[in-house]
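Observations on the three-dimensional arrangement
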Amino acid sequence: LIPAVKSFRKKYFAGVPAKLWNDWQWQTSHRIRSLAQLETMIALSEDERAAFTQAHTVLPLGITPYYMSLISVDDPNQPLRRSVIPTIHETVSSLGEAHDPLGEEAMSPVPGLVHRYPDRVLLLLSDFCSTYCRYCTRSRLVGKSRRTDFRPEYWEKALDYIESRPEVRDVLLSGGD
């Protein structure tokens, strides 16, 4: 193991056997999800803390223990840390910025399916990711338990739509990591 990972694991997950630590299901079920958890593991910058205390909306937080073990404890500019720890700056919208920057909602004939190009579609299978990236192009969709576009009955509608369009030759599957 990488020394930082070993040290992190010993400090925060000492009783967890290697078999569990290396299990993706254990990792996702033990994700860091709150400000309280983060504060015990890293020194948050003012901008990071403000994302939790001053923001009206914040993108969901979810970081697996393994990924967290790779994050710098005290450097808020570390690229891995910037990828997953929110800052107050992500709540600022610029003039012309769109809720749906790729315009996918207008190109979605059935929930969870995007038909932008004549011969291909994008089928979104899940809104769950083990770690939520701050740069996600579909951040408006992920980790929001009230979303309903990812239910099996919608997959059936999407499959029916695809079957009824012989020009569709590619189906890209996406959603989650």
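Here is a short report on the structure shown in this document.

The secondary structure content of the protein chain amounts to 8 helices and 3 strands. Its C-alpha atoms give the protein chain principal-axis dimensions of roughly 55 × 45 × 25 Å. In the protein chain, which comprises 177 residues, the proportion classed as buried is 38%. Of the roughly 10,800 Å² of accessible surface on the protein chain, 55% is carried by carbon and sulfur atoms. The protein chain carries 22 positive and 22 negative side-chain charges, and their two centres are separated by 6 Å.

Moving on, we get to the pattern of salt bridges. In total, this model carries 7 salt bridges according to the counting rule given. For R120, the salt bridge identified is with D119, shortest N-O distance 3.8 Å. The class of R120 is partly exposed, set by a relative accessible area of 26%. When salt bridges that share partners are traced, they join D119, R120, R169 and D170 into one network.

Another point: helix α8 (residues 152-163). The end-to-end C-alpha distance of α8, which contains 12 residues, comes to 16 Å, matching closely the 16 Å that a straight helix rising 1.5 Å per residue would cover. Residues of α8 that are buried include every one of Y154, A158, Y161 and I162, and no others. Axial view of α8: buried residues confined to an arc of 95°, hence all on one face. Elements that come into contact with the buried residues of α8 comprise β1 (113-117), β2 (120-124) and β3 (170-174).

Quick look at the packing of aromatic side chains now. With the rule as written, the count across this model stands at 5 aromatic pairs. Measuring from centroid to centroid gives 4.9 Å for F8 and Y12, while their planes differ by 50°, and the two rings are tilted. Of the two residues, F8 and Y12 both sit in helix α1 (residues 3-12), 4 residues apart, roughly one turn of that helix. Taking the relative accessible area as the measure of exposure, F8 reaches 9% and is therefore buried. Given the relative accessible area of 25%, Y12 is considered partly exposed. Plain terms: the ring middles of F13 and W21 are 5.8 Å apart, the flat faces sit at 50° to each other, and that makes the pair tilted. For the pair formed by F13 and W21, the shared burial category is buried.

On to the layout of surface pockets, then. By volume, the second largest pocket is sized at about 170 Å³. Taken together, A4, S7, F8, K11, Y12, M41, I42, M68, S69, I71 and V73 form the lining of the second largest pocket. When residues of the lining of the second largest pocket are traced back to their parent elements, those giving at least two are α1 and α6 (65-69). For the lining of the second largest pocket, the element with the highest residue contribution is α1, accounting for 5 residues. Classifying every residue of the lining of the second largest pocket gives 8 nonpolar, 2 polar and 1 charged.

Every buried residue of α1 is accounted for by V5, F8 and R9. Taken down its axis, α1 places every buried residue within 100° of arc, on the same side. Projecting away from the buried face of α1 at angles above 90 degrees are the exposed residues P3, K6, K10 and K11. Those residues of α1 that are buried are in contact with α2 (18-21), α4 (35-41) and α6.

What counts, and at which threshold
Residues numbered from 1 in each chain as written. Predicted model: local features only at pLDDT ≥ 70, side-chain atom pairs only at ≥ 80, totals over all residues. Heavy atoms only, no water. Helix = DSSP H or I, 4+ residues; strand = E, 2+ residues; numbered from the N terminus. Buried < 20%, exposed > 50% of the residue type's maximum accessible area, 1.4 Å probe, protein only. Areas by Shrake-Rupley, 256 points an atom, 1.4 Å probe, with all protein chains shown as cover. Lys, Arg positive; Asp, Glu negative; His and termini not counted. Charge placed at Lys NZ, Arg CZ, Asp CG, Glu CD. Salt bridge = Lys/Arg side-chain N within 4 Å of Asp/Glu carboxyl O. Expected span 1.5 Å × (residues − 1). Arc of directions from axis to C-beta. Contact = heavy atoms within 4.5 Å. Phe/Tyr/Trp six-rings, centres within 6.5 Å; stacked < 30°, edge-to-face > 60°. 1 Å grid on protein atoms, 1.4 Å probe; cavity = no way out; pocket = protein on both sides within 12 Å on 5 of 7 lines; lining within 4 Å. Points joined across faces, edges and corners; volume = space filled by probe spheres on them. Nonpolar A, V, L, I, M, F, W, Y, C, P; charged D, E, K, R; others polar.

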